[in-house]
Every structure is written in C-alpha cells, then in structure tokens.
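# Understanding the architecture of this molecule
In case you want the letters, here they are:
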Amino acid sequence: MRLLRILTLIALAGAASVQAQVKGDDLILEMHQAYRQGNRPRLAQLLPQVRGHVLEPWAAYWELKARLDTAQPQEVQEFFTRYAGTYQEDRLRNDWLLLLGQRRDWTNFEAEYPKYRMNDDREVRCYALLVAHVREGSAAPPAHSEEVRRNWLGLRDADDGCTLAASRLIGDTRGSKRMTADDAWRKARLATENNRPRAAATAIEIVAPDAVPQFLELNNSPAKYLTSRVVVASKARKEMMVLALIKLASTDPDNAASQLENKWGPMLSPEERNWVWGVLGKQSAQRLGNDALDHFAKVSRDQDLTDDMLGWKVRAALRSVRGTQWPVVLRTVNAMSEDGRADPTWVYWKARALMAQGGDTNKADAQKMLQSIASVRGFYEQLALEETGQKITVPAKPASLTPEEKEAARLNIGLNRAVYAIALTLRSEGVREWNYVTNLAKPGGMAERELLAAAQFACDREIWDRCINTSERTKAEFDADQRFPMPFRESVVKRSREINLDPAYVYGLIRQESRFVMDARSHVGASGLMQVMPATARWTARKIGLTSFTPDQISDRDTNIAIGTGYLKLVLDDFSGSMPLAAAAYNAGPSRPRNWRNGPVIEAAAWAENVPFNETRDYVKKVLSNTTLYAAILSGQPQSLKERLGRVGPRDAAQPEPNRDLP
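Below: a short report on this structure. The structure displayed is predicted, hence computed values, not measured ones.

With that settled, consider the state of the cysteines. Disulfide: a covalent bond connecting the sulfur atoms of a pair of cysteines. All told, the structure shown has two disulfides when counted by the stated rule. At a sulfur-sulfur separation of 1.9 Å, the disulfide partner of Cys459 is Cys467. Across the disulfide from Cys459 to Cys467, rotation about the S-S bond amounts to roughly 45°, and the bridge is consequently right-handed. Cys459 sits in the buried class, given a relative accessible area of 10%. Residue classification places Cys467 among the buried positions, given a relative accessible area of 0%.

Moving on to empty space enclosed by the protein. Unoccupied space between atoms shows up once a probe the size of one water molecule is rolled over them. Tallied over the full model, the rule gives three cavities of 30 Å³ or more. The computed volume of the largest cavity comes to approximately 130 Å³. Every residue lining the largest cavity is listed: Ala285, Leu288, Gly289, Asn290, Ala292, Leu293, Ala316, Arg319, Ser320, Val321, Arg322 and Asn610. Volume-wise, the second largest cavity comes out at about 40 Å³. Together, Leu129, His133, Ala140, Pro141, His144, Ser145, Val148, Leu169 and Arg178 line the second largest cavity. Counting only elements with at least two residues in the lining of the second largest cavity, the list comes to α8 (122-136) and α9 (142-154). A total of three residues in the lining of the second largest cavity trace back to one element, the largest contributor, which is α9. The residue makeup of the lining of the second largest cavity, split by class, is five nonpolar, three polar and one charged.

Membership of the largest hydrophobic core comes to 212 residues, with the highest contact counts inside it found for Ile204 and Trp349. The element contributing the most residues to this core is helix α15 (residues 235-251), with nine residues. Not counting residues within four places of it along the chain, the set of residues in contact with Trp349 comprises Leu318, Trp326, Val329, Tyr380, Glu603, Ala605, Ala606 and Glu609.

Between α9 and helix α11 (residues 181-193), the shortest axis-to-axis distance is 10 Å and the interhelical angle comes to 20°. Here α9 is positioned roughly parallel relative to α11, judged by the angle of their axes. α11 is crossed by α9, and the crossing has right-handed handedness. Between α9 and α11, the contacting residues are Arg149, Trp152 and Leu153 on the first element and Asp183, Ala184, Arg186, Lys187 and Leu190 on the second. Tallied by class, residues from the contact of α9 with α11 come to four nonpolar, no polar and four charged.

A few words now on the packing of aromatic side chains. In this structure the tally under the stated criterion is 23 aromatic pairs. Ring centres of Trp106 and Tyr127 lie 5.7 Å apart, and the angle between their planes is 55°; on these two criteria the pair is classed as tilted. Pair noted here: Trp106 is in helix α7 (residues 106-112) and Tyr127 is in helix α8, with a separation of 21 residues, a long-range link. The class of Tyr127 is buried, set by a relative accessible area of 0%. Put simply, the rings of Tyr35, Trp58, Tyr61, Trp62, Tyr87 and Tyr436 pair up and form one aromatic cluster.

As a volume, the largest pocket reaches approximately 1,400 Å³. Lining the largest pocket are 42 residues, and of these Leu190, Lys282, Thr306, Asp307 and Asp308 lie nearest its centre. At the level of elements, α9, α11, α17 (270-286), α19 (307-318), α21 (338-342), α22 (344-357) and α38 (614-635) are the ones that each hand at least two residues to the lining of the largest pocket. Per-element accounting of the lining of the largest pocket gives the leading share, six residues, to α19. Broken down by class, the residue content of the lining of the largest pocket amounts to 13 nonpolar, 12 polar and 17 charged. Approximately 680 Å³ is the volume found for the second largest pocket. Along the wall of the second largest pocket there are 28 residues; nearest its centre are Glu513, Val524, Tyr586, Asn587 and Glu615.

Let's shift gears to the pattern of salt bridges. According to the stated counting rule, one finds 54 salt bridges in the structure shown. Among the salt bridges present, the one from Asp157 reaches Arg196, with a minimum N-O distance of 3.3 Å. With a gap of 39 residues between them, Asp157 in the loop between α9 and α10 (160-171) and Arg196 in the loop between α11 and α12 (197-207) connect regions that are remote in the sequence. In this structure, Glu239 and Arg189 form a salt bridge, with 2.9 Å as the shortest nitrogen-oxygen distance. Remark: Arg189 occurs in helix α11 and Glu239 occurs in helix α15; sequence separation between them is 50 residues.

Quick notes on the rules
Sequence order as written defines residue numbering, which begins from 1 separately in each chain. Under the rules for a predicted model, residues below a pLDDT of 70 receive no local features and side-chain atom pairs below 80 are neither given nor counted, while totals for whole chains, interfaces and linings still include all residues. Hydrogens and water molecules were not included; the side-chain quantities draw on all heavy atoms of the structure. Disulfides are defined as pairs of cysteine sulfur atoms found within 2.5 Å of each other. In this scheme, a residue with accessible area under 20% of its type's maximum is buried, one over 50% is exposed, and one in between is partly exposed, where area comes from a 1.4 Å probe on protein chains only. Method remark: on a 1 Å grid restricted to protein atoms, a set of points is classed as a cavity if a 1.4 Å probe fits but cannot get out and as a pocket if it is open with protein on both sides within 12 Å along at least five of seven lines; lining residues have an atom within 4 Å of a point. Grid points are joined across faces, edges and corners, and a volume is the space filled by probe spheres set on the points. For the purposes of this entry, the term helix denotes a DSSP run of H or I that reaches at least four residues, the term strand denotes a run of E that reaches at least two, and both are numbered from the N terminus. When residue character is reported, Ala, Val, Leu, Ile, Met, Phe, Trp, Tyr, Cys and Pro are called nonpolar, Asp, Glu, Lys and Arg charged, and the others, Gly included, polar. What we call a nonpolar core is a set of buried Ala, Val, Leu, Ile, Met, Phe, Trp, Tyr and Cys residues that are connected through their side-chain atoms within 4.5 Å. Residue contacts are counted whenever heavy atoms from the two residues lie within 4.5 Å of one another. Angles shown run from 0 to 180 degrees and are taken between the N-to-C directions of axes, each axis being a line fitted to C-alpha atoms and, for helices, limited to the stretch in contact. Each angle receives one of four descriptions, namely roughly parallel if under 35 degrees, roughly antiparallel if over 145, roughly perpendicular if within 65 to 115, and oblique otherwise. With the far helix as reference, a near helix turned anticlockwise by less than a right angle produces a left-handed crossing, and one turned clockwise produces a right-handed crossing. Stacked, tilted and edge-to-face pairs are distinguished by plane angle, under 30 degrees for stacked and over 60 for edge-to-face with tilted covering the rest, among Phe, Tyr and Trp rings (Trp via its six-membered ring) whose centres lie within 6.5 Å. By salt bridge we mean one thing: a side-chain nitrogen of Lys or Arg within 4 Å of a carboxyl oxygen of Asp or Glu.

Function-wise, these values are silent; they only describe arrangement.
Structural data, given as structure tokens:
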C-alpha cells in the first residue's frame, strides 16, 4: 500500500514532493480520527499542517463539516471556491443544501441548488421540488408531484425534505394539488408493514393529526386495539383498522386473518381488504407457508397490491405444493407496474409462464421476452440465454485501450486522490470519491471508453472492487478480464483442487463476498477475502488440521483462502453437492437452508427466488451466475447455469444425516 501511495504521488506531483506528502499521512489519519470523534478544536489545529497534501480537500471537508451548523455562509462559499470541481466541494454542497432546507432558507437554497452536480440525494431533491412547487404554483408540471410521491414512498424512514414536500402538496388547496390523503395513508401502511412507526406516525399527522395517539396505541398492541373497537365509519378510522391488521399480521398472522375475515372485512373497502390480504399473503410466502396462495386468492383486484406483494405472490406460485401455478404467475406479473414488469426477474418468469401455457403465439411472445434480456450479465439474463438455446460463453474483449485513453485516466486527479485514500486505509472516502468521478461528476457519468480506462487504472493497481464495479457500468462493452478478475490465481486454484472444489465456484463466491478486498470486514465481523467469521474460522481450522491457527491470522491471504475453501467444501458436502444450497448456507448459516429446502422438489432457480432473506436471495443468484462465467473463463468452454442449479427439495432419507455441528 505504501508503494501504491508513492506511485500515486509521483503521478500527481512528481517525485520531489513525495517525502513531504508521506510525512503528512499520519496527520491526515489523525484528522480523520478527530472528525469521527467530533473533535472540532483538534481539526482546526491540524488543518494548517496538511495544506498542500494530496488529501487536503478531505481534511478541509472534515474540518468544515464538523462545524457546518455554526459556519458562516461566506466560509462555505470560500470552501466551494478553493476546492472547485472536486468531490469534496459537491459533498459539502450536498450537506449545505440539507442544512438550508432544514432552516427553510429557500432563497439561499434556490441559489445554490443549480450548482449541485451529484443530484443523488432524495431529500435534497424533495426540497428542490417543493421550492419549484411554491414558485410555480398551478403551473408546476405533474411530474414534480409524481417524483415527490415516488421519493417519499420509497424512503424506509421519515426524512424532513420529502415529508415536508409531501405535506405541502397534499395540503395544497389550489388547483395544482396532485397528491392526496390516500398517498399519506399508503405511506403509513408501508411504514407499518416495515416496522417503521415514526415514519407511519409522521404520515398520519399530515392527514389526521388527531389519530396519531390511536396509532401509537395500536402499534403497541394491535390485538387489544382491534378488540376494543366495534364499528368504523370515517376514512381515518378504517385506515387505522387497516394499520392495526397490518401490525397484527407481523406477530400473529392467523389472528389477523381471522379478524379480517370474520369481523373487519365487511366494514372495509375492497381496496383496503385487498391490501391486508396482500400483506398476509406476503407474510406467509416469506415463511414459505402453504397458505400464501390461499390468502392471495382472497384479493379481488391484484392492481391494489404493491409490486413487492405481487413479487411474493409469484414466488408462492412457483413453489406451490400443487406444482407451479403458471396461470397465477402470468396474471400476477401482468398486474405489476411498468417498472416491475421490466425487471429481468419477472420478464423471465412471465416468459416461462407463457411457454407453459402452450400455443405458437405464446411461445413466440416468450422468445421475444427472453431475447430482450438474454446475456451473460446476470442470473436471469444467463437463464434467458439458455432458454433461447445458447450457452454461457465469454464475450469478445473490447478494442484495446489507446495510450491516450489510459493517460487520461492516469492523470485524473480525482481518481488518483481516491487511490491514495484507499492506500492510506481511508477506503470509504476513496470509494466515494472514485464513484463520484466515474458516475456523478458530470451528467450521465463517464462514457464507456472512459469507464473501461478507469477500471483498468484500478485493475493495474489491484484495487479490484473499483475495477469490477466501474467496468460493470458499461452497457455496450463487456471486458471479462475487468469484471471477473482472478487475483491470487495460483493460491485459489491450487487450494480448490486439493480439496476437490470447483475453482470457479470459489471465485464466484469471493467476488460476491469481498470483491477481492483482502482487508474487507463486514458489519457482523466477517473478515478477509472469503469473509470468514471468527468462530467459524476457529471451528474450520480444527476440522482441516490448522492446529496453530490464531484469530489474528484470519486476514492473512493464504490462511483465509484455506479456511474459507475448507468451510465451503464442508458445507457443499453437507448439502450433497448442491451449489445453491451451499451458497445460501455460506451466507446465512446452514440451519436456514436446511429448513428452506423442505417443501416440493422444484428447479433451483425457483427455490433461490423463494429464499426469504433479500440479501441471501440476491447472494445465491449472484454467486451462481458468477461461477458460471468464471467456469467459462477458466475452461474456455461454453457453460450451463441450469446444470449447476439442478433441483432442490427435502433431503433424501438415504443420504447421510446433516452435520449438526456445522456452524
């Protein structure tokens, strides 16, 4: 890492200033620590000492951000001028716009917003849309209201900007009103379903402030709340019943279903009943319950459900104990929003449903749909490729980068500053600056050839996560060497073959786990290339004979590979060689997929789509699609994702009992 910093400094400023820059590294790290601790005096004391350092923009940002709430506008403007064009300038502008919005300082907000380049903060955008609405009144385009609605409903928690914009639009008494009380109740329903009571209460306060105490009551004890009520009449009271039933569904779904069917259903509107049945169906599907489709069958109009509910209805239909319910799959995908139907997941399953229906027209339509997503770029894209009669092969490499393209990346100050920060262990800061330069510094981000050059710049410096993520943004070009690199190839392949493990599977898993970042550490404490938990590492070390293993060795590359592959092999053997089940076990622990496999025997793609945890579902699909592409690279031969997936069902009684000791 030290060599990487020196090379970066030479590229930025020449060899003469290298010694002075490296001496300032410790001060930069000290400032970072002071920023994290909120130590304003220490930041102010150290800032003059790092003037001229390559990471000075970060140091200046930390110092001013720590006291932004008391800074004078002139200081902020001086920062913008001094660091014009940098990520740090626009990062502070983002922070400043949020503060101006919170202060309701619309004059200064409106003056500063047009200079904001990133435009990726939904709260800032909501403030801007509110300002435009106030200024333009009834002349404001309907798209503004729709954007506020989408941003507000899409936020898991309440924020000031989108909540304020929504409240103003809902409460607007002029003819320009394009958001209604129904939007607020929808927000409250979504927030209650996701156990976000503060966001729900904030939404209710907009349209029925007197009902907030009732909401707090029902949120604490929905069963008691429902028992104490006899009739409902007003819109607000009916919505409170809906919220109570939604809340009850999360803890006592059978009671919620009984209350809806036997007591409250007749008092609610069809749309309100449909929503609650949709929640109950989703809850059951996420538990892999056999009554999910029964709940969904009580929905009289699928269009009343969210895309999330409809997605779980499709999953339940794929996993049905009565066999895949293809007509249900088809109807449900058709009921999704335009964005939902465009997701490759639902394009694929709708095409499969059409094929199952039979008939030349259905088959022709299915082929068109499959061809629209078929590629090597992801799980369903690869499956679609196979459904159209093709195998997974490595795409042709793009034209070589020209010396001029490489030089432009090499001399890019933002990329170099990001590389230096990463080398100095400030990975979060480096990644954010890198992403800004490649994605956000100009509208639409870098052009394809610029992205390839930036990716190669990262690859050459073995910053594999930026290499992969940057190259993945190209749409027309596909550089497999950048997207699917194979660092430490000798160690990974040798170790994998020693224990009879497919190296492509190991690479597919590492790519998803850590993006080959050796010092990667997850929020739960997993470490290294293969993201091994300390307790798992100790257990596996004993199993594979690493008698001298100590916890500090977990970040050592070869030790991490030995333990990670050893554990993966044990898990794979425990699941009789099923790659999807083993991947799920590696991510979520083996006990969960042991339960998730209990049900009908189904194709593994349908099983993977039914994994209840969003993270693990995404993980399994990505590991398997990664594996298939790596196999094509390593073997030079066409590959099949379907063959790797196979089928999943309950454990064969003839197979050995699972290893209950496996962590």
